[in-house]
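# Tertiary structure, described
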Amino acid sequence: MIGSMQTGSLSAGVQSFLDFCRIEKGLAPNTLDSYARDLQKYVSFCRPTSGDTIPGDEGVRSYLEFLYRSRLSVRTIARHLTTLRNLYQFLLREGRIKTDPTALLPLPKQWKKLPKYLNSEEIEKLLSAPEASTPLGLRDRAMLEMLYATGVRVSELCKLQLSDLNVDLGVVRVTGKGRKQRLVPVGAAALSAVASYLQSGRDKLLKGKASPYLFVTSRGGPLTRQALWKLLGSHGRKVGIFRKMGPHAIRHSFATHLLEGGADLRSVQMMLGHADISTTQVYTHVVRSRLRKTLDEHHPRA
């Protein structure tokens, strides 16, 4: 028997949940797309047995068994379960169901992958890769310097506007996930690169067009995340960094190098815009390695 305590239409509940995430929670488009894909898969799986009614315990368990049989990675299954939990918690709050069948389901255990980052020498090479003699080169160098100086997400950098940067105070206002804003300090090297770009590059790219964005294309709009990833890979290959660099490569490098220099985890959390410090704790491998080095260098019996 599938969820006698659950009432209402599953597809309507999913649509209401997605509208809630978009309008009230202000989640990023990528997060919304991920939720929509996961839930469409759930709706398609449930339809042959339960029609469009909201499945209960038995339906959710059947779906999880299906995911495991599909040989998906543990990380992917955990993401699907998290999506279902968020959906059912919403439906419970809305009064569309009387019990939450996901409440007691444990997330599958997964290994935490250490973030991949560039060492200081590789970062220096990457930052110097763009040609500073062209408007595009000035823009790319300023973007890379800003990424490394602030640790912002690629999507956050693309959305930066001129009004977000306060040169006098040396800070930038960043709008992150859930439209939450934070102030992040910007170092002198990044401010200098941005100043050169604003003085000699941005107007030449715009050619008289107006744009509120800090980093622009020749059409006046902001760069897309995909375009920035391609630029990152292209500049990396130019200086001999051939391994694949994900969108967070410089962000991970920023956090790692801060901790290597002695920064505390709470400060790094605030600059990265992590809501929970447990997310930032993935970088504690750096702290452990620094303790190991300190022990080896200074303990008489190391």
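Residues numbered from 1 in each chain as written. Predicted model: local features only at pLDDT ≥ 70, side-chain atom pairs only at ≥ 80, totals over all residues. Heavy atoms only, no water.

Before going further, it helps to examine the overall build of the protein chain. Across its full length, the protein chain holds 14 helices and three strands. In terms of principal-axis extent, the alpha carbons of the protein chain reach across some 70 × 70 × 35 Å. Among the 302 residues that make up the protein chain, the fraction classed as buried is 41%. Considering only contacts within the protein chain whose residues lie at least 6 apart along the sequence, 61% involve residues at least 24 apart. About 17,000 Å² of surface is accessible on the protein chain, with carbon and sulfur atoms providing 54% of the total. For the protein chain, the separation between the mean place of its 46 positive charges and that of its 25 negative charges on side chains is 3 Å. (Helix = DSSP H or I, 4+ residues; strand = E, 2+ residues; numbered from the N terminus. Buried < 20%, exposed > 50% of the residue type's maximum accessible area, 1.4 Å probe, protein only. Contact = heavy atoms within 4.5 Å. Areas by Shrake-Rupley, 256 points an atom, 1.4 Å probe, with all protein chains shown as cover. Lys, Arg positive; Asp, Glu negative; His and termini not counted. Charge placed at Lys NZ, Arg CZ, Asp CG, Glu CD.)

Turning our eyes to something else, we now look at the packing of helix α5 (residues 120-127) against helix α6 (residues 135-150). Running from amino to carboxyl end, α5 crosses α6 at an angle of 150°, the nearest separation of the two axes being 9 Å. Here α5 lies roughly antiparallel to α6, going by the angle between them. Of the residues in α6, those in contact with I123, L126 and L127 of α5 are R141, L144, E145 and Y148. Looking at the contact of α5 with α6 residue by residue, the classes come out as five nonpolar, no polar and two charged. (Axes fitted to C-alpha atoms, helices over the stretch in contact; angles between N-to-C directions. Parallel < 35°, antiparallel > 145°, perpendicular 65-115°, else oblique. Nonpolar A, V, L, I, M, F, W, Y, C, P; charged D, E, K, R; others polar.)

Glancing now at the packing of α6 against helix α10 (residues 225-238). It is at 12 Å that the axes of α6 and α10 come closest, and there the two elements cross at 95°. Judged on the interaxial angle alone, α10 and α6 are roughly perpendicular. For the pair α6 and α10, the contacting residues are R139, D140, M143 and L144 in the first and L228, L231, L232 and H235 in the second. When grouped by side-chain class, the residues that make up the contact of α6 with α10 number five nonpolar, one polar and two charged.

This brings us to the pairing of strand β3 (residues 181-185). Judged by which residues are buried, β3 turns out to be one-sided: R182 and V184 face inward and are buried, whereas Q181, L183 and P185, on the alternate face, are not. In this structure, the hairpin formed by strand β2 (residues 171-175) and β3 is closed by a connection of five residues, where G178 is found at a positive phi of approximately 65°. (Pairing = 2+ DSSP bridges.)

Time to look at the pattern of salt bridges. Scanning all chains against the criterion turns up seven salt bridges. Its salt-bridge partner being D38, residue R79 comes within 2.7 Å of it at the nearest N-O pair. Of this pair, R79 sits in helix α4 (residues 74-93) while D38 is found in helix α2 (residues 29-50), placing the two residues 41 residues apart along the sequence. Taking the shortest distance from any N to any O, the salt bridge between E121 and K125 comes out at 3.8 Å. With E121 and K125 both in helix α5 and four residues apart, this pair spans about one turn of that helix. We classify E121 as exposed; its relative accessible area is 55%. (Salt bridge = Lys/Arg side-chain N within 4 Å of Asp/Glu carboxyl O.)

Within helix α12 (residues 265-272), burial applies to L265, V268, Q269, M271 and L272. Buried residues of α12 fall within an arc of 170° about the axis and therefore sit on the same side. Between the side-chain oxygen at the start of α12 and the backbone nitrogen of R266 there is a gap of 3.3 Å, and the oxygen is on D264. G273 lies just past α12 and shows a positive phi near 80°. (Arc of directions from axis to C-beta. Polar contact = N/O pair within 3.5 Å; in protein donor to acceptor, adjacent residues only side chain to side chain.)

Time to look at the sheet that holds β3. Here three strands make up an open sheet; going across it, the order is β1-β2-β3 and the pairing antiparallel. Each edge of the sheet is formed by a strand with only one pairing partner; in this case those strands are β1 (165-166) and β3. Pairing of β2 with β3, which is carried by five bridges, proceeds in the antiparallel orientation. Directly across from R173, in β3, lies its bridge partner L183.

Keep in mind these values describe shape, not function.
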